[in-house]
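One letter stands for each residue in the lines below.
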Amino acid sequence: MQLPCTCFPKVLLLAAAVHTLTLGILDEDSLNWDDAECGQGSCSGHELHLLQKRGDLLHEIRVDGLRKDVIKGISYGPSPLTVAGAVDREDFSGDDSKPMWSGRGDLEVMKALGANTVRLYGNDPDMEHDDFLNYAHFVGLRVIPGNGDAAFQGCLDKGDYNCRAGVKEAYYKNLKKGFLDGNRSYHPSISHVIVVNEPELKLPNLEHPRSFVKAIATAIDGMLDAEAQARVVGPKPNLTVTFSFAACGQCPKFKNIPALGQMWTLRDALLNPEVYDITPSHDLGQFFRNRFTYGFNTGNPSEEIESLFLRHYEKEFPSTSIFVGEYHNPGNPNTQKDLEHMIAMSEASSVFLGISFFEFQNRYDIGNHLVWGMFDPQDRAENNLHLEITYGSRTYQVPCLAPVFDASVQKSLPEQVSAAYGGPGLDAKHLCQPDPDKVHVSDHGFNQMLGLKNSTAMGQFIERVVEHMGGFVPDGVPEDFAFINSHPYASYRNLETLLSAHPDWARWDLQAACVVDQSSLKSEVGNTIGYVCGLGHVDCSQVPIECKEKVWDTASWVFGTHFREIAYLKDGPLRPLEECNWHGVAKFERESSWAQRDLKTSCIVPLGAPDAQKVFVSPYGFNMVWLRQSKDEMSKFLKRAVEHMGGEPGAYIPSKFVQSQLSENASFRGLSQDLARHPTWAHWSSTAACVPNPEATAAVVGNTIGVVCSKGRHQYTLTRWGARSPMERRKARSEGHG
């Protein structure tokens, strides 16, 4: 094979047809070497990288063995926050973030995991980016930057979705601030540039495909304008758009296939701009054919990608490359195998370039971003980084990185990513251990403790869990309890079940309340208030006036009222870790904790002691009343129990009988047997019948019918299905409830 230049270039610009560069049919005869152009870099031996063919980037294909160099990326948007809050920064690839991407060693960490690409977010065109790009190139990482949302704000505000001017201005600044080198060539680390991320969700939405493809097409036109203005020379990276994995029901074609409808519509707009009210300055059709790569983001498991999307895509776009800009399926039983499957699909495909794992670390400045990262940012005493970072007027300590542990395979996420990507693995000096006093009280935090394999640390974590369940631990968690919950197959759900029994080594407060967590983002609190009100268990039109002044007070009233209402709608233990959480926006606190908060006490709704008039007439309801050891409350419960047995209590229930139901040996089964003998202090009807509870939902009644029918016989005893006697129904009607 004769090359048009010496073995200096590592990257060659090739004039070859698209179909000749697909895997398996690339050969010497298919390449027009006379029209090839030397790229930048160096080579050793015969390892040459074919990077770009006349602008249509098919990523790197290595000549040695013709094995495609699959994108093994990591999506990078770090934040220095270790608790919920806002940070005055969206672009973390600027010089002011250097203490993280260089000082903390984030880019070296990615390389050690086997990554070859870093995908960026939140571009600020006024920032210098050349240091980041230079360092990434030095480490051996390609970079996929993109436009920030601010570049589209003008056309979004106008509502015309002609985004050419705003994007041109922003992208020209990017070219001048690091995307181009001193020779006006693109920085060698840049492999693709994202025009916009998930445009169909914000420009304006999936219901208006003509608008979002117009925004994309005019943005591309603006970026080409900026390149012309900057007089860019040499090879240019492909531009890409990373769509969501939502189906576009309003798109002309592929309405039911995730992402494909958006892609088809964009191609149609680029090839036929006049149909979409677009008057471009450049030949967008030629641009699409020569210099465009599709992208999409998905959290679906790998086994669904081929059937749901890829086979349809390859048929419709056989020569247009594509990659996954965000990939992670949280909760997958084996993340490593899932990633390996995605990489194998990429290696087998002529157009599928690879994936970018989402994401590098969990983030506390964006809602619902605590389940995606492979690292937890953590501030702890033994953090030896001693690095600071300043954004605006605030200075932050650079947190250390604690690997996220995956209990399902007993391996951390970084270990699994490294195994799938073929990396050498991490040096422990880059990392810190999860802190039991800092991790989130959640399933995620519990798994972090499992990864430590340390029952002492688990005991510290359990103390915090008890606090989130309305109690406290005066003398520490018993060693055997902590040990049991440190078993590799222990679970957060089982821990909650054990603690719901209120073990006596903890103290439990009847005045505990579901209140807002004031460390949450206000935007998330507001969204959660709307969601909880929509569930229908609390009438949010009745929020007290004094609780409307601050969102924290409004949230506490809504959350507390909702939690108290659902307490009497279920026949079983409350689960405050689930039912008073909402992604960390709320928590269940004892009175001594919430009383010290900057919240109006009139807006806090304590759960209070179980109400004998409201609990289910069931084993659980009996136990709740029994725990109060109150004759008055047990008498109220017994009256309802008599009515549920088809009777009507007399003027009073004998004190001796009430006391017997408060004894240590008392049980709901025993009560049922006692009442089945029809004691003389109550009146018993011969025409009593089992009827549905008028307060029960249709779904509950329907499910109960199925349960009863499946038993094949009727059992005349107290039931936990919420049925009421005619006596109790008449009483409910008289009080306006039936």
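Structure: above.
A brief structural summary. (Residues numbered from 1 in each chain as written. Predicted model: local features only at pLDDT ≥ 70, side-chain atom pairs only at ≥ 80, totals over all residues. Heavy atoms only, no water.)

This brings us to the overall build of the protein chain. Along the protein chain, the regular secondary structure elements total 25 helices and 24 strands. Burial status across the protein chain gives 54% buried among its 738 residues. Entry remark: accessible area of the protein chain is about 32,900 Å², with carbon and sulfur atoms responsible for 50%. (Helix = DSSP H or I, 4+ residues; strand = E, 2+ residues; numbered from the N terminus. Buried < 20%, exposed > 50% of the residue type's maximum accessible area, 1.4 Å probe, protein only. Areas by Shrake-Rupley, 256 points an atom, 1.4 Å probe, with all protein chains shown as cover.)

Within the element layout of this structure, Asn485 appears in the loop between α14 (479-484) and α15 (492-500). One polar contact links the side chain of Asn485 to the main-chain carbonyl oxygen of Phe481, over a distance of 2.9 Å. Other than its neighbours up to four places away in sequence, Asn485 contacts Phe446, Leu450, Met458, Ile462, Ala490, Leu495 and Leu498. (Polar contact = N/O pair within 3.5 Å; in protein donor to acceptor, adjacent residues only side chain to side chain. Contact = heavy atoms within 4.5 Å.)

This part is about the pairing of strand β14 (residues 388-391). Residue alternation in β14 divides its side chains into a buried set, Ile389 and Tyr391, and an unburied set, Glu388 and Thr390. Across four bridges, β14 lies against strand β15 (residues 394-397) in antiparallel orientation. For Tyr391, the partnering residue across the bridge sits in β15 and is Arg394. (Pairing = 2+ DSSP bridges.)

The next point concerns the sheet that holds strand β5 (residues 71-76). Taken together, eight strands build an open sheet; the order of strands is β7-β6-β5-β12-β11-β10-β9-β8 and the sheet is parallel. The open sheet has two free edges, formed respectively by β7 (142-144) and β8 (192-197), since each of these has just one partner strand. Averaged over all pairs of adjacent strands, the angle between their axes in this sheet comes to 30°, without regard to strand direction. Summarising the sheet, β5 and strand β12 (residues 352-357) pair through four bridges and their orientation is parallel. For Ile74, the partnering residue across the bridge sits in β12 and is Phe357. Packing of helix α6 (residues 209-230) onto the sheet brings it into contact with β8, β9 (238-243) and β10 (292-298), and relative to β8 it is tilted by some 145°. On the sheet, helix α11 (residues 413-421) packs against β5 and β12 and is oriented at approximately 160° with respect to β12. (Axes fitted to C-alpha atoms, helices over the stretch in contact; angles between N-to-C directions.)

For helix α16 (residues 522-534), with 13 residues, the first-to-last C-alpha span of 19 Å sits near the 18 Å given by 1.5 Å per residue. Along α16, the positions that sit buried rather than exposed are Val525, Thr528, Ile529 and Val532. Across the axial projection of α16, the buried residues extend over an arc of 110°, all falling on one side. Facing away from the buried side of α16 by more than 90 degrees, the exposed set consists of Asn527 and Gly534. Of the surrounding secondary structure, the elements contacted by the buried residues of α16 are β21 (513-516) and α17 (551-567). (Expected span 1.5 Å × (residues − 1). Arc of directions from axis to C-beta.)

Once that is clear, we can look at the pairing of β9. Of all six residues making up β9, six are buried, and the element is well covered by its neighbours. Alternating residues of β9 divide into Asn238, Thr240 and Thr242 and Leu239, Val241 and Phe243, and every residue in both groups is buried. For β8 and β9, the ladder comprises five bridges, and the chain directions are parallel. Paired with Asn197 across the bridge in β9 is Thr242. Following the backbone out of β8, through α6 and into the adjacent parallel β9, one traces a crossover that is right-handed. Where β9 and β10 come together, five bridges link them in parallel fashion. Within β10, the position partnered with Thr240 by the bridge is Thr293. (Right-handed = clockwise from strand over helix to strand, strands pointing away.)

With respect to the element layout, Val543 can be found in the loop between α16 and α17. For the pair formed by Val543 and Trp557, sequence separation is 14 residues and the distance between their alpha carbons is 7.1 Å. Other than its neighbours up to four places away in sequence, Val543 contacts Lys548, Thr554, Trp557 and Val558.

Looking now at the packing of aromatic side chains. Note on aromatic pairs: each is described by the distance of the centres and the angle between the planes. Per the counting criterion, the structure on display carries 29 aromatic pairs. Judged by centre distance (6.2 Å) and plane angle (50°), the rings of Tyr391 and Tyr396 are tilted. Across this residue pair, the class does not change: Tyr391 and Tyr396 are buried. By way of ring pairs, the aromatic residues Phe245, Phe287, Phe288, Phe292, Tyr294, Phe296, Phe309, Tyr313 and Phe317 are connected into one cluster. (Phe/Tyr/Trp six-rings, centres within 6.5 Å; stacked < 30°, edge-to-face > 60°.)

The final tally for this structure, using the stated rule, is six disulfides. Through a disulfide, Cys400 is tied to Cys432; the S-S separation comes to 2.1 Å. One quick way to see it: the torsion about the S-S bond of Cys400 and Cys432 is about 85°, and its sign makes the bridge right-handed. Of this pair, Cys400 sits in strand β16 (residues 400-403) while Cys432 sits in the loop between α11 and α12 (443-452); the two residues are 32 residues apart in sequence, bridging distant segments of the chain. (Disulfide = S-S within 2.5 Å.)

It is worth spelling out unusual backbone geometry at this point. With an omega of -10°, the peptide bond running from Leu203 to Pro204 counts as cis. One non-glycine residue, Tyr161, lies in positive phi territory at about 60°. Topologically, Tyr161 is positioned in the loop between α4 (153-158) and α5 (164-179). On the accessibility criterion, Tyr161 (12% relative accessible area) is buried. For Ala259, which is not a glycine, the phi torsion comes out positive at approximately 70°. Judged by relative accessible area, which is 0%, Ala259 ranks as buried.

Another aspect to go through is the environment of Leu201. Along the chain, the position of Leu201 falls in the loop between β8 and α6. Placed 43 residues apart in sequence, Leu201 and Ser244 show a C-alpha to C-alpha distance of 7.8 Å. If we ignore the near neighbours within four places in the chain, the residues touching Leu201 are Leu206 and Ser244.

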